[in-house]
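Coordinate inspection notes
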Protein chains: 2
Amino acid sequence: MTILYDERVDGELPRVPKQQVLQALARDVPGLTVLHTEEDLRPYECDGLSAYRTTPMLVVLPEQLVQVQAILKVCHALGVPVVARGAGTGLSGGALPLEQGVLLVMARFNRILEVNPAQRYARVQPGVRNLAISQAAAPYGLYYAPDPSSQIACSIGGNVAENAGGVHCLKYGLTVHNLLKVEILTVEGEPLTLGADALDCPGFDLLALFTGSEGMLGIVTEVTVKLLPKPQVAKVLLAAFDSVEKAGAAVADIIAAGVIPGGLEMMDNLAIRAAEDFIHAGYPVDAEAILLCELDGVEADVHDDCERVENVLRAAGATELRLARDEAERTRFWAGRKNAFPAVGRISADYYCMDGTIPRRALPGVLRGIAELSAEYGLRVANVFHAGDGNMHPLILFDANVPGELERAEQVGGKILELCVAVGGSITGEHGVGREKINQMCAQFNSDELTCFHAIKAAFDPRRLLNPGKNIPTLHRCAEFGSMHIHHGQLPFPELERF
Amino acid sequence: MTILYDERVDGELPRVPKQQVLQALARDVPGLTVLHTEEDLRPYECDGLSAYRTTPMLVVLPEQLVQVQAILKVCHALGVPVVARGAGTGLSGGALPLEQGVLLVMARFNRILEVNPAQRYARVQPGVRNLAISQAAAPYGLYYAPDPSSQIACSIGGNVAENAGGVHCLKYGLTVHNLLKVEILTVEGEPLTLGADALDCPGFDLLALFTGSEGMLGIVTEVTVKLLPKPQVAKVLLAAFDSVEKAGAAVADIIAAGVIPGGLEMMDNLAIRAAEDFIHAGYPVDAEAILLCELDGVEADVHDDCERVENVLRAAGATELRLARDEAERTRFWAGRKNAFPAVGRISADYYCMDGTIPRRALPGVLRGIAELSAEYGLRVANVFHAGDGNMHPLILFDANVPGELERAEQVGGKILELCVAVGGSITGEHGVGREKINQMCAQFNSDELTCFHAIKAAFDPRRLLNPGKNIPTLHRCAEFGSMHIHHGQLPFPELERF
């Protein structure tokens, strides 16, 4: 394949005078809120990945579709890059602004347009919060399944852009599996409908292509999500283990036994202690690892699955097994897990949250590898993650005020991701690539694959004005970064071969 | 968006002398089986849609990946169009040859490379039959869920190309939902891996984009499919109704009651009688319509669902309700449905099988509309279909030997598809667009949407050598065909507004 635009290095983005953009917006977009002073722009200099900060040239806060359309037309005509932003909770810097670009904030599009219980969907604007959809559907016994930890704050437009996951995605799928239709505007401001009300749709699957494209192909203006009936019963099992490897092996055993839990999470000793100190969830603080396994569905089914999972966990060497006695205990078990990140924040000045996905069978080996990296670099690592789908979230603890610790933390993070790729996994599970992992994409994909991504990008946005410098690295960048690509099992890092 | 290649009308495809292609293949592809005589080419002149026939310039039957690669390189260098073909069971002419093109038959790639019960996947070559995968997985209690009616013959490569569905796709998803990874060759013969072993994968979702792309983006060379555990129990309910509208309404009621059946099929009186005469399934021949509803899962769950569905069906006005007493009766109930097409073939000289998908709630109105079209055009129409996902298969009965009947049948077919689009549905559920429905694509999509498809096609195949003239119509073709597009609910056919 050949790329249909010139590859530019990231520094060579167009730079249009701020005054010219302001004038064009004032002329063509009546009633638009535009922020342009240093003080007003400051709150938008980063998203949830605060390690990267850039002050944008301008921030625009449209309230109507025609305004978004006019903004895009202005930027397209002038050649100004556009970065879209929802709630700004993203953890990979996908909404990190560009100093020569406009930050397009979609937060004011926060209306739920329709909840249709008979056909089981909700039609919402992109700024609607993830949890607000489930709340609106609750009176009908329905909910929206994907549940990122940030679901109280994150918006559905951002969920689509990042293909967000969550605790329940093991059983119910990622964002892409829970969408029916997305309305977008192209870089030229043209409306386009992706997907359909029907189950199958002819033509190329643009809905799936767009989901997770991190603002590089268009701007989300409306989302139709599937709603599911709330499970009748949900039970949680807590299992303790005397080694992380055993807990990791148990995860694969559960799935292999034919059970798909509603959620299957793992925490190691460091995370357990931090969470217990903070939340008092009732976790066994001496365990090397715990698994939380939620089983949901109809009563009889859940009963059945519980028995099966208990047997598997016992056989896998669990030292303790506890079924939450009631809803209060179940909520407490989950509260510990859901607050594990802030809990770790209490025991360390800073932490760096990684996100990689590996085949379940590789869990024990990779956990061992992380422990070795932790010892080698002298930094503690807490493991809290969606074990069921192999989506790891190692938290690397460091103190930014100690010279060199941030750099060491980044090195450990990079090594962990390379380890994930080496065992057949990927460099992100649910946080996306954004700005943070753009170099690791050179490890994940070979140049043919990257070229294919660029060819598709060029089909939507040949001038590369939408969120440039994120998600898909230029071949030039990969060449500079060095040949990291692990192709067809040939590892450039012999030391990784033992995993 | 702008298309990145010149739009050519379909007649303007390159025409390279046959002798030149033969020589190049002989030189660059050692050991390749090439068919080139009129007699040898004849069996390949059509796929399952036998109404369209074209003798290809050449047929090639490679047995090794390097041969496929070399064939593509030869054709690319000479500018010869390539049409890929699996088992040739497709019903929309997706594998219809071109007289100036090479037909690339992938049938000899029929090895199952790996069945991995622990990680629940099978890795197979593209020519492996759909059913063969489930047979290979059966010893482990696993199976491959998508089950097109042609599953005994159709190949997985074709399933990927057409995003094939089947009876069980309501609950278990289409082909795209049951894939992990696909290896392809681009038009230039370059290998590309789409998807990953991990659940989520960074970059654009090329796997979903490719699935259902009908041979226009690349050639499938290897497929990794997900395997599911076989349900412990499966029960089938047969419900009879005194009107098709009532049966149609019952379908939406079942889903709205929170049950997702393993299969939910509908047949009308003409289909019931034809099937009963042929198979003796024990259907009530006086019923205007029957529903077959399969419920599968664990014992208690199925028991629960059966009760709920029985209540819904009674409330919806079912005149008779029968639960298959044993496995033999269950198999008999399904045999009638699965043989409905050949059964209709016994009562009519010819029939034209349509395939459209509509929102479930629209079923009663569309069934009424089909009955009116049937009366207006004087042609019988039998309805046999995947009711649960709104995927209709009206069979239009005609006799090709009666002058004008074929044309009338095509007119009725076209009207039915327009009706599907008008109620918010789509022109194909599972058979694909191929050659057959290329004009209806002009009704389904507006020019912006078609332009987007072409831009993506151009990213993969800028010279349009892969399966040209199928799936995505040129804007030129749509302009010639006439402006049929129904946009944002504005119907160009006022007579359809009543549905």
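Computed from a predicted structure; not experimentally measured.

A closer look at the nonpolar core
Ranked by size, the top nonpolar core spans 180 residues in total, and within it L313(A) and L313(B) carry the most contacts. Each residue touching L313(A), except ones within four places of it in the same chain, is listed here: L237(A), A239(A), F241(A), A250(A), I254(A), L291(A), A318(A) and L321(A).

As for the domain arrangement of chain A
All names here are of chain A. Per the domain assignment, the segments of chain A are domain 1 (10–105), domain 2 (112–229) and domain 3 (233–422). Of the residues lining the interface, 13 residues belong to domain 1; the matching set on domain 2 comes to 13 residues. For the pair domain 1 and domain 2, the summed buried area comes to about 1,100 Å², and 67% of that belongs to carbon and sulfur atoms. Of all residues in domain 1, the largest losses of buried area upon contact with domain 2 belong to L72, H76 and T89, amounting jointly to 38% of the total for that side. If you look at where domain 1 meets domain 2, you find 0 salt bridges. At the boundary of domain 1 and domain 2, one finds 2 residue pairs in polar contact (both at pLDDT 80 or more).

Description of the relation of the copies chain B and chain A
The two copies are related by a screw motion: chain B maps onto chain A through a turn of 180 degrees and a shift of 0.0 Å along the axis, at an RMSD of 0.0 Å. With respect to symmetry, the two chain copies, as superposed, fit the operation of a two-fold axis. A share of 99% of the interface residues of chain B reappears at the interface of chain A, consistent with the copies meeting face to face through the same patch.

Here we look at helix α12 (residues 340–347) of chain A
Residues and elements named next belong to chain A. For α12, the set of buried residues is A340, F341, A343 and V344. For α12, the buried positions fall inside an angular range of 160 degrees around the axis, keeping them on one side. Elements in contact with the buried residues of α12: β13 (263–268), α9 (269–279), α11 (327–338), β16 (350–353), β18 (381–385) and β20 (394–398).

Brief notes about the environment of F398(A)
Residue and element names in this part refer to chain A. With respect to the helices, strands and loops of the structure, F398 is situated in strand β20. Its relative accessible area of 8% is what places F398 among the buried residues. Expressed as a C-alpha distance, the spacing of F398 and V381, which sit 17 residues apart in the sequence, is 9.2 Å. Beyond its immediate stretch of four places on either side in the chain, F398 contacts S348, A349, D350, Y351, Y352, L379, E405, L406 and A409.

Brief notes about the interface of chain B and chain A
On the chain A side, the residues contacting the 67 residues of chain B number 66 residues. In this assembly, chain B and chain A are joined by 0 salt bridges. Where chain B packs against chain A, one counts 2 residue pairs in polar contact (both at pLDDT 80 or more). The set of elements that each furnish at least two residues to the side of chain B that touches chain A consists of β9 (191–195), α7 (206–210), α8 (244–256), α10 (299–315), α15 (441–444) and α16 (447–460) of chain B. Looking at which element gives the most residues to the side of chain B that touches chain A, the answer is α16(B), with 10 residues. Here the side of chain B that touches chain A is composed, by residue class, of 34 nonpolar, 18 polar and 15 charged.

Here we look at the packing of α8(B) against α10(B)
Residue and element names in this part refer to chain B. The N-to-C vectors of α8 and α10 enclose an angle of 145 degrees; their axes lie 9 Å apart at closest approach. In the packing of α8 onto α10, the handedness of the crossing is right-handed. For the pair α8 and α10, the contacting residues are A250, D253 and I254 in the first and V309, V312 and L313 in the second. Across the contact of α8 with α10, the residue classes tally to 5 nonpolar, no polar and 1 charged.

A word on the packing of aromatic side chains
Given two aromatic rings, one states the distance between the centres and the angle between the planes to describe the pair. Tallied over the full model, the rule gives 8 aromatic pairs over all chains. Between Y143(B) and Y172(B), the ring centres sit 6.4 Å apart and the planes meet at 85 degrees, which makes this aromatic pair edge-to-face. Of this pair, Y143(B) sits in strand β7 (residues 142–143) while Y172(B) sits in helix α6 (residues 169–172), and the two are 29 residues apart along the sequence. In terms of burial, Y143(B) and Y172(B) fall into one category: buried. With 5.0 Å between their ring centres and 85 degrees between their planes, F445(B) and F453(B) make a pair best called edge-to-face. This pair shows no difference in class: F445(B) is buried, exactly as F453(B) is. Put simply, the rings of F204(A), F445(B) and F453(B) touch in pairs and so form one group of aromatic residues.

Quick notes on the pattern of salt bridges
All names here are of chain A. On inspection of all chains with the given rule, the structure shows 42 salt bridges over all chains. The shortest N-O distance in the salt bridge between R27 and D28 comes to 3.0 Å. Residue D28 is classed as partly exposed on the basis of its relative accessible area, which comes to 36%. Where salt bridges share partners, they join E38, R42, E45 and R53 into one cluster.

Things to note about the pairing of strand β12 (residues 233–241) of chain B
Residue and element names in this part refer to chain B. Within β12, 7 of the 9 residues are buried, leaving the element largely enclosed by the surrounding structure. Bridge count for β12 against strand β15 (residues 320–323) is 4 bridges, and the pairing is antiparallel. Within β15, the position partnered with A240 by the bridge is E320.

What counts, and at which threshold
Residues numbered from 1 in each chain as written. Chains lettered and ligands numbered in written order. Predicted model: local features only at pLDDT ≥ 70, side-chain atom pairs only at ≥ 80, totals over all residues. Heavy atoms only, no water. Core = buried A, V, L, I, M, F, W, Y, C linked by side-chain atoms within 4.5 Å. Buried < 20%, exposed > 50% of the residue type's maximum accessible area, 1.4 Å probe, protein only. Contact = heavy atoms within 4.5 Å. Domains from an automatic or database assignment. Buried area = accessible area lost by both parts, 1.4 Å probe. Salt bridge = Lys/Arg side-chain N within 4 Å of Asp/Glu carboxyl O. Polar contact = N/O pair within 3.5 Å; in protein donor to acceptor, adjacent residues only side chain to side chain. Least-squares fit on C-alpha atoms with pLDDT ≥ 70 in both. Helix = DSSP H or I, 4+ residues; strand = E, 2+ residues; numbered from the N terminus. Arc of directions from axis to C-beta. Nonpolar A, V, L, I, M, F, W, Y, C, P; charged D, E, K, R; others polar. Axes fitted to C-alpha atoms, helices over the stretch in contact; angles between N-to-C directions. Left-handed = near helix turned anticlockwise from the far one by under 90°. Phe/Tyr/Trp six-rings, centres within 6.5 Å; stacked < 30°, edge-to-face > 60°. Pairing = 2+ DSSP bridges.

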